[in-house]
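# Structural characterization, general
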Number of protein chains: 2
Amino acid sequence: MHIHSRIADLRAALADRRRIVFVPTMGNLHAGHISLMEQARRHGDTVVASIFVNRLQFGPNEDFDTYPRTFQADCDKLAAAGVDVLFAPSEADLYPEPQEYFVEPPSIQNILDGEFRPGHFRGVATVVSKLFNCVQPQVAIFGKKDYQQLMVLRNMSRQMALPIEIVGGETVRADDGLALSSRNGYLSAAERAEAPRLQRLLAGIRAAIVGGNRDFAALENAAIAELTVNGWKTDYVSVRRQADLAPAGSADNALVVLAASRLGNTRLIDNIEV
Amino acid sequence: MHIHSRIADLRAALADRRRIVFVPTMGNLHAGHISLMEQARRHGDTVVASIFVNRLQFGPNEDFDTYPRTFQADCDKLAAAGVDVLFAPSEADLYPEPQEYFVEPPSIQNILDGEFRPGHFRGVATVVSKLFNCVQPQVAIFGKKDYQQLMVLRNMSRQMALPIEIVGGETVRADDGLALSSRNGYLSAAERAEAPRLQRLLAGIRAAIVGGNRDFAALENAAIAELTVNGWKTDYVSVRRQADLAPAGSADNALVVLAASRLGNTRLIDNIEV
């Protein structure tokens, strides 16, 4: 695996590659990331991963400074997964001057996670645009666990006429159902034992909807109440349309149930398609 | 010259081209545009022009509907200038749905022309980003007559890590000094005779500065007063730093004098580097 930190070196290394598939990450890689790398291999000839903890998408009170950085272990995992090229820029490489031009998503950036993380999706859209301009892939893969992010980037790619196909990767879960996430490492043992409740509740809502229950508000409120009783602080549990993440109406079919809630200081998100 | 209106057709036609030089236009081509095409030839192997009157960069009270559209004559001129490929999308091709993702420039978009044309540079940055994603050039050329536009796009390209060199093209002038512009066609005969005053005043300011006069405000105000006496309505005459278009201080050296003023219903802009 070739590792490049400078944009010019990366471009030179990729100049003659055909059908590049790109998987951007913030490092601290787990089996969910590796699953995306394996999926990438099926979409093209050259698999490029990136590791960059993007300051722009963290709020002032979020965990940018403490976000886990495990570069050497990440490299070993990527090499073992058959990744061809790793782009690992420093902040000075990707933001040599303060970023002043932004890719601004529409109002979808202010709902769900965006309501609780102002500026987050603008930061994501901007850094992904820059990474796309560095790597110039034909395909890019993003995990469905960050469902709203996948939606924002898919819409951005289409609206900005990017020559890039955006592919969603399935969420990988622990045996007890917890979605794998770098932030799971923040959980205490007791919190880790409690954490799978989020996925169980989402699965329960799905089962209720499939069974004919269309009282989405009641389903959402019951889940929030059970989380609260068990020590969670919930940002949202919400039944939405897959197409645009607008609140689901009783006639809508392709749905997704999304949730974000905190256990102690750790914010977990998850979702399930219906 | 090959002409394509659809993005997919354009991409297929350019897939094997090396060193693409791109010159975006809004059509109604004059000798200033053709000069850019000739300059383009010196920067690469394949010269691609585009013609697209971009609704996004026009304000609600501006001349989008009446902007001169002269497609057949434009094609003849581009072919004669040796342009290889013309990209001429319809609005349905470039905006198949309402544009909701924007490239947002920083505060430079709100000064000078931006103060009088809210949203203009956002519209320019967004459409040029999309055109870049369609054409994927190595070099792009923009005329210096739209000096602030050139600055915004050069900064955007650098800040967004676009793999595109932005080149400025010299302004082409009529024998009496008037900068060539599609909007000159709006002028009555009397206005056309008056119009070169703008350039004469800018040249006078430059001569004064070169001669040691650093009282920029007095120079600006004298020019505005002479324009007003002669029937112009002036948006600005301003001495700025070339680097960032900030107001020039007495210690600054690389300067540019920019002006925008109206004769009747026609808004003319011009500038001169010092």
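Residues numbered from 1 in each chain as written. Chains lettered and ligands numbered in written order. Predicted model: local features only at pLDDT ≥ 70, side-chain atom pairs only at ≥ 80, totals over all residues. Heavy atoms only, no water.

Let's shift gears to the overall build of chain A. In terms of regular secondary structure, chain A is built from 10 helices and 10 strands. With respect to the principal axes defined by its C-alpha atoms, chain A has extents near 55 × 40 × 35 Å. Here chain A, with 274 residues, has 56% of them falling under the buried criterion. Counting every atom, chain A has about 11,600 Å² of accessible surface; 50% of that belongs to carbon and sulfur. Both charge centroids of chain A, one from 29 positive and one from 32 negative side chains, sit 2 Å from each other. (Helix = DSSP H or I, 4+ residues; strand = E, 2+ residues; numbered from the N terminus. Buried < 20%, exposed > 50% of the residue type's maximum accessible area, 1.4 Å probe, protein only. Areas by Shrake-Rupley, 256 points an atom, 1.4 Å probe, with all protein chains shown as cover. Lys, Arg positive; Asp, Glu negative; His and termini not counted. Charge placed at Lys NZ, Arg CZ, Asp CG, Glu CD.)

So, about the relation of the copies chain B and chain A. For the pair chain B and chain A, the superposition axis carries a translation of 0.0 Å, the fit reaches an RMSD of 0.0 Å, and the rotation angle comes to 180°. Put plainly, the chains are arranged around a two-fold axis. Relative to the rotation axis, the closest C-alpha in chain B is found at valine 103 of chain B, a distance of 2.3 Å. Comparing contact sets, 100% of the residues at the interface of chain B also lie at the interface in chain A, consistent with an isologous, same-surface contact. (Least-squares fit on C-alpha atoms with pLDDT ≥ 70 in both. Contact = heavy atoms within 4.5 Å.)

Moving on: the sheet that holds strand β7 (residues 165-169) of chain B. Residue and element names in this part refer to chain B. Taken together, the six strands give an open sheet; going across it, the order is β1-β4-β3-β2-β6-β7, and neighbouring strands pair in parallel fashion. Across the chains shown, the open sheet's two edge strands, defined by having one partner strand only, are β1 (2-4) and β7. Geometrically, the sheet is characterised by an average inter-axis angle of 25° between neighbouring strands, direction not taken into account. Bridge count for strand β6 (residues 139-143) against β7 is five bridges, and the pairing is parallel. (Pairing = 2+ DSSP bridges. Axes fitted to C-alpha atoms, helices over the stretch in contact; angles between N-to-C directions.)

For the rest of this paragraph, the subject is the UniProt feature "active site" (unreviewed entry) in chain A. Residues and elements named next belong to chain A. The residues that UniProt annotates with the feature "active site" (unreviewed entry) are His33. Here histidine 33 lies in helix α2 (residues 31-41). Given the relative accessible area of 14%, histidine 33 is considered buried. (UniProt positions renumbered as here; feature names shortened; annotations may be inferred.)

So, on to the UniProt feature "binding site: beta-alanine" (unreviewed entry) in chain A. Residues and elements named next belong to chain A. Under the feature "binding site: beta-alanine" (unreviewed entry), the UniProt entry names Gln57. Its place among the elements puts glutamine 57 in the loop between β3 (46-51) and α3 (71-80). Non-local contacts of glutamine 57, meaning those with residues more than four positions away in its chain, are made with Met26, Glu62, Arg117, His120, Gly123, Val124 and Val127.

Within the fold, glycine 204 of chain A resides in helix α9 (residues 197-210). For the pair glycine 204 of chain A and leucine 219 of chain A, spaced 15 residues apart in sequence, the C-alpha to C-alpha distance is 9.0 Å.

Attention shifts here to the domain arrangement of chain A. Residue and element names in this part refer to chain A. Here the domain parsing of chain A yields domain 1 (2-169) and domain 2 (184-273). Here the C-alpha centroids of domain 1 and domain 2 sit 26 Å apart. Taken together, the contact pairs 16 residues of domain 1 with 16 residues of domain 2. Both faces combined, the contact of domain 1 with domain 2 buries some 1,400 Å², and carbon together with sulfur accounts for 57% of it. Three residues, Leu112, Phe116 and Tyr147, lead the burial of domain 1 against domain 2; their summed loss comes to 45% of the area buried on that side. Counting the contacts that link domain 1 with domain 2 gives two salt bridges. In this structure, arginine 267 and aspartate 113 form a salt bridge, with 3.0 Å as the shortest nitrogen-oxygen distance. (Domains from an automatic or database assignment. Buried area = accessible area lost by both parts, 1.4 Å probe. Salt bridge = Lys/Arg side-chain N within 4 Å of Asp/Glu carboxyl O.)

What follows is about the pattern of salt bridges. Residue and element names in this part refer to chain B. Following the criterion strictly, the structure yields 36 salt bridges over all chains and no others. Taking the shortest distance from any N to any O, the salt bridge between aspartate 63 and arginine 183 comes out at 2.9 Å. Of this pair, aspartate 63 sits in the loop between β3 (46-51) and α3 (71-80) while arginine 183 sits in the loop between β7 and α8 (189-194); the two residues are 120 residues apart in sequence, bridging distant segments of the chain. Comparing aspartate 63 with arginine 183 shows no difference in burial state: the two are buried.

Residue and element names in this part refer to chain B. Take leucine 227: it is sitting in helix α10 (residues 216-229). In the structure, leucine 227 is positioned 33 residues away from glutamate 194 in sequence and 9.9 Å away in space, judged by C-alpha atoms. Beyond its immediate sequence surroundings of up to four residues, leucine 227 is in contact with Arg197, Leu198, Leu201, Trp232, Thr234, Val237 and Ser261.

Right, let's get into α10 of chain B. Residues and elements named next belong to chain B. Between its first and last C-alpha, α10 extends 20 Å over 14 residues, near the 20 Å set by a 1.5 Å rise per residue. The complete set of buried residues in α10 reads Phe216, Leu219, Glu220, Ala223 and Leu227. The buried residues of α10 occupy an angular sector of 100° when projected down its axis, which confines them to one face. Of the residues one or two after α10, glycine 231 is the one with positive phi, at around 95°. (Expected span 1.5 Å × (residues − 1). Arc of directions from axis to C-beta.)

Residue and element names in this part refer to chain A. Here six strands make up an open sheet; going across it, the order is β1-β4-β3-β2-β6-β7 and the pairing parallel. Single-partner strands in this sheet number two, and they are β1 (2-4) and β7 (165-169). In this sheet, adjacent strand axes meet at a mean angle of 25° when their direction is disregarded. Along the sheet, α3 contacts β1, β3 and β4 (85-87); its crossing angle with β3, the most-contacted strand, is approximately 165°.

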